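Examination of the molecular architecture
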Amino acid sequence: MAISWPLVVSLLLSISSLATSASNSDSVHEAFVQCLLDNSHPSHPISEAIFTPQSPSYATVLQSYIRNLRFNETYTPKPFLILTALHQSHIQAAIICAKKGNIQMKIRSGGHDYDGLSYVATVPFFVLDMFNLRSIDIDMETETVWVQSGAILGELYYRISELSKTHGFPAGVCPTVGVGGHFTGGGYGNMMRKYGLTVDNIVDAYFIDVNGRIHDRKSMGEDLFWAIRGGGAASFGVVLAYKIKLVHVPEIVTVFRVEKTLEDNATDIVDQWQHVASKLPKELFVRLVIDVVNSSTRTGGSTVRVSFISLFLGDSETLVSIMNENLPLLGLSQSDCIETSWIRSVLFWTNITIDSPTDVLLNRTPSLSYLKRKSDYVKQPIPKTALEGIWEKMIELQPAQMIFNPYGGRMAEIASTATPFPHRAGNLWKIQYLANWNQGGAETAQRYIELTRKLHRYMTPFVSKNPREAFLNYRDIDLGVNHNDRGSYLEGRVYGIKYFKGNFNRLVHIKTKVDPTNFFRNEQSIPTLPH
């Protein structure tokens, strides 16, 4: 066989180029590590916080906070280094050294970001992991808490409950979610109709800027403080800790979970729910989880099940009275209700046995799966005939599911410009689309992701328009990707308008002011203004 010398030369040049590139990146990485060591404070040595692929614990540290198994495959890009900061000086060193070497930094607090933007990148990168910084300092006299970004919600709730039976905090229902990402994206839970979002209850923060300086609310200024409460703080800097205001909860709250299928008149009940859920008393939150299950009576063997899951800040007798007046078709009875403490309602909502020891909330290991999530906002009730069409589509696209989270109450009273989170008055409920699966591989992932996309597409006529709104905490890479180059602003606007609506441009101006070189960036970060 004749040898093609041009091809051989080309291959040799490619190999040589790859070797040079690898060698260059190795030297950049070595220089970065040396810079970290040089900038380490003697009283807080940084060396024990540095993990490279050569470190025995590297894989464990990387994987322990990957919550979406889609991003734990052999082909998933891995960081060249993980810095598990043990002190604020480690964060300052990371920023200074990464800036010097123009190295991509990803900031991870809990790993629950649905599309893995805090620990995956297509360029060489390192992860600043916050999980060691998780102190919780509660002052019951002022009813405030300083909580570090690496704490999880379960730890926060448990520490509050140790000191008070009549205090709580309005944040997520999943206890393993990290405070950092949850708070910076808006954060909501089953008390939002009474107390608003997590960001509506933040009163101060410790923040490290692009120059490694530490600020509180006063020194950072109101613009930046506004931006990091719902605008995604990873676009602006690193939040070390938040100061939050506790809220009052009764000693006794009531929860219920009632399931109905199509054979149990589910369509009529959902239709009634959508007309009243946002108008119920603020103390009452009734979520719908809609999925497909086997049916013993329907042709084709599948039916739609709707689970009505509720938290009421009050007793069961009052709850049953409110429900039977406003949602009589559900037929709620006293026997469906469980009276319990607020902290035990957290267990109920996360499917932990309600009489389990509450220190189970300190467990940082969630059940893991491969997953995809998307979101939507609904402004008008969906016609009953359209609901029937949605059920048919869900049966076709199983196992894709939907969760309806009702708005109204306090959510409708807070101005859409009060924080970067704009989805306030005028929204009846938010939809979360979800698919979970248990088998690895790119092909399997693509199949389930496409099912979720198809359900999302099918819902187009029934949801918000111009823009079709989305929720930042349900990070969705389908909405657009920023390559952070010359077209950064235009690329950022595509997803930014969906997440932030009219607040997007204010976020861009703040970003341009505090991080003009766009050091803090990811695939869906806030861009700077074009030069």
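A brief structural summary.

Thresholds applied
Residues numbered from 1 in each chain as written. Predicted model: local features only at pLDDT ≥ 70, side-chain atom pairs only at ≥ 80, totals over all residues. Heavy atoms only, no water. Disulfide = S-S within 2.5 Å. Helix = DSSP H or I, 4+ residues; strand = E, 2+ residues; numbered from the N terminus. Buried < 20%, exposed > 50% of the residue type's maximum accessible area, 1.4 Å probe, protein only. Polar contact = N/O pair within 3.5 Å; in protein donor to acceptor, adjacent residues only side chain to side chain. Contact = heavy atoms within 4.5 Å. Pairing = 2+ DSSP bridges. Axes fitted to C-alpha atoms, helices over the stretch in contact; angles between N-to-C directions.

Below, the discussion takes up the state of the cysteines. Enumeration over the complete set of coordinates arrives at one disulfide. The disulfide that involves C35 links it to C97, with 2.1 Å between the sulfurs. Torsion about the S-S bond of the C35 and C97 cystine: about -85°, corresponding to left-handed handedness. With C35 in helix α1 (residues 5–38) and C97 in helix α3 (residues 88–101), this pair connects stretches of sequence that are 62 residues apart. Here C35 matches C97 in class, with each residue buried.

Within the secondary structure layout, Q432 lies in strand β18 (residues 429–437). Since its relative accessible area comes to 6%, Q432 is described here as buried. Engagement of the side chain of Q432 in a polar contact is seen with the side chain of R373, the distance being 3.4 Å. Ignoring any residue separated from it by four or fewer positions in sequence, one finds Q432 in contact with Y114, R373, K374, Q401, M402, I403 and Y474.

One open sheet accounts for four strands, arranged β1-β2-β4-β3; its pairing is mixed. Looking at which strands have only one partner, the edges of the open sheet turn out to be β1 (50–51) and β3 (104–108). Judged from the five bridges that link them, β3 and strand β4 (residues 125–129) form a sheet pairing that is parallel. In the sheet register, I107 faces β4, and the bridge partner there is L128. Relative to the sheet, α3 contacts β2 (81–84), β3 and β4, its axis offset from that of β4 by approximately 165°.

Scope: geometric values only; no functional claims are made or implied.
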